[in-house]
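So the chains spell out like this:
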Amino acid sequence: MSSRNSASFGKRIEYWVIGLLLKDGFDVFVPLVDDDGIDAIVRGKAGQKLDLQIKARSNQVKFGSSALFGVGQSHPEERDGFYFMFYSERLDEMWLMSSADFIENCVTTSSGKNTGNRSVWMNGRSKVRNEEYPNPRFDAWRISKQGQPDFSRLRLALGE
């Protein structure tokens, strides 16, 4: 997949997720500028808000990387009210993780040109069976089952 197709895939998934949230009754606002890694602002029924960054992996990624998500150096520390929503097209699964949970569970690159970048690997793989699967270690943050999103964790984060 070319970088242009890769970038457009990410943007398409952002709008798809925003559409799912709107369909589920959330108020969603999209910033015009993406300076702080905020793809959407979600408002709860009582007016609470949280910032959301949406990360996606397409079917085109190499085997074993279907749920490997990197966030670069844009999130060096925990941010109150900031959440990551991760989507793997190949697994057709979603996860929702606060920035605190992300930092606690991510790996930070310690050397080379990507020093300081953070990533989380939410899939397991079996070369013998030639399959990937959601890593059970991240089940606490999984918000979909077989492609059907359940946004109750998001409602809980909004205090509903």
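Residues numbered from 1 in each chain as written. Predicted model: local features only at pLDDT ≥ 70, side-chain atom pairs only at ≥ 80, totals over all residues. Heavy atoms only, no water.

1. Comments concerning the sheet that holds strand β3 (residues 49-57)
Next, step 1: As summarised here, the arrangement of the five strands in space is β1-β2-β3-β5-β6, forming an open sheet in which the pairing is mixed. Where the open sheet ends on each side, the last strands, each with one partner, are β1 (27-29) and β6 (93-98). On average, each strand axis in the sheet is inclined to that of its neighbour by 30 degrees, with strand direction left out of account.
Next, step 2: Of the strand pairs in this sheet, strand β2 (residues 40-43) and β3 are connected by four bridges, and their pairing is antiparallel. Opposite R43, over in β3, you have K49 as the bridge partner. (Pairing = 2+ DSSP bridges. Helix = DSSP H or I, 4+ residues; strand = E, 2+ residues; numbered from the N terminus. Axes fitted to C-alpha atoms, helices over the stretch in contact; angles between N-to-C directions.)

2. Some thoughts on the packing of aromatic side chains
Next, step 1: Within this structure, the stated rule accounts for nine aromatic pairs.
Next, step 2: For the pair F82 and F84, a centre-to-centre distance of 5.2 Å together with 75 degrees between the ring planes defines the contact as edge-to-face. A single burial state applies to F82 and to F84, both of which are buried.
Next, step 3: An aromatic cluster is defined as three or more aromatic residues linked by ring pairs; in this entry it consists of F69, F82, F84, F86, W95 and F102.
Next, step 4: Geometry around F82 places R79 over its ring, the cationic atom sitting 4.0 Å from the centre. (Phe/Tyr/Trp six-rings, centres within 6.5 Å; stacked < 30°, edge-to-face > 60°. Buried < 20%, exposed > 50% of the residue type's maximum accessible area, 1.4 Å probe, protein only. Lys NZ or Arg CZ within 6 Å of the ring centre and 35° of its normal.)

3. Concerning unusual backbone geometry
Next, step 1: Residue D92 is not a glycine yet carries a positive backbone phi of 55 degrees.
Next, step 2: Structurally, the position occupied by D92 is in the loop between β5 (82-88) and β6.
Next, step 3: Using a relative accessible area of 31% as the deciding quantity, one classes D92 as partly exposed.
Next, step 4: Despite not being glycine, N130 has its phi angle at roughly 55 degrees, a positive value.

4. As for the nonpolar core
Next, step 1: Within the largest apolar cluster, 22 residues are counted, with the highest numbers of intra-cluster contacts made by L21, F26, V42, L52, M85, F151 and L154.
Next, step 2: Elements represented by at least two residues in this core include exactly α1 (3-23), β2, β3, β5 and β6.
Next, step 3: Ranked by residues supplied to this core, first place goes to α1 with six residues.
Next, step 4: For L52, the residues in contact, after removing those within four places along its chain, are L21, G37, I38, D39, A40, V42, Y83, F84, M85 and L96.
Next, step 5: Counting residues in each nonpolar core, the second largest holds 16 residues, with F82, F86, L91 and M97 among its members. (Core = buried A, V, L, I, M, F, W, Y, C linked by side-chain atoms within 4.5 Å. Contact = heavy atoms within 4.5 Å.)

5. Observations regarding the pairing of strand β4 (residues 68-72)
Next, step 1: Residue alternation in β4 divides its side chains into a buried set, F69 and V71, and an unburied set, L68, G70 and G72.
Next, step 2: Pairing analysis gives four bridges linking β4 to strand β8 (residues 118-121), with the strands arranged antiparallel. The residue of β8 that forms the bridge with F69 is V120.

6. Quick word on the pattern of salt bridges
Next, step 1: Applying the stated criterion across every chain, the model contains eight salt bridges.
Next, step 2: Across the pair D24 and R155 runs a salt bridge whose closest N-O atoms are separated by 2.8 Å. Here D24, found in the loop between α1 and β1, pairs with R155, found in helix α3 (residues 152-157); they are 131 residues apart in sequence, far enough to count as distant.
Next, step 3: On the accessibility criterion, D24 (33% relative accessible area) is partly exposed.
Next, step 4: One salt bridge connects D27 with R43, and the closest N-O pair in it is separated by 2.9 Å. Linking D27 in strand β1 with R43 in strand β2, this pair joins segments that are 16 residues apart in sequence.
Next, step 5: By sharing partners, the salt bridges in this structure join D24, R155 and E160 into a single network. (Salt bridge = Lys/Arg side-chain N within 4 Å of Asp/Glu carboxyl O.)

7. A few points about the sheet that holds β8
Next, step 1: In space, the three strands of this open sheet follow the order β4-β8-β7, with antiparallel pairing throughout. Bordering the open sheet on either side are β4 and β7 (107-108), each of which pairs with just one other strand.

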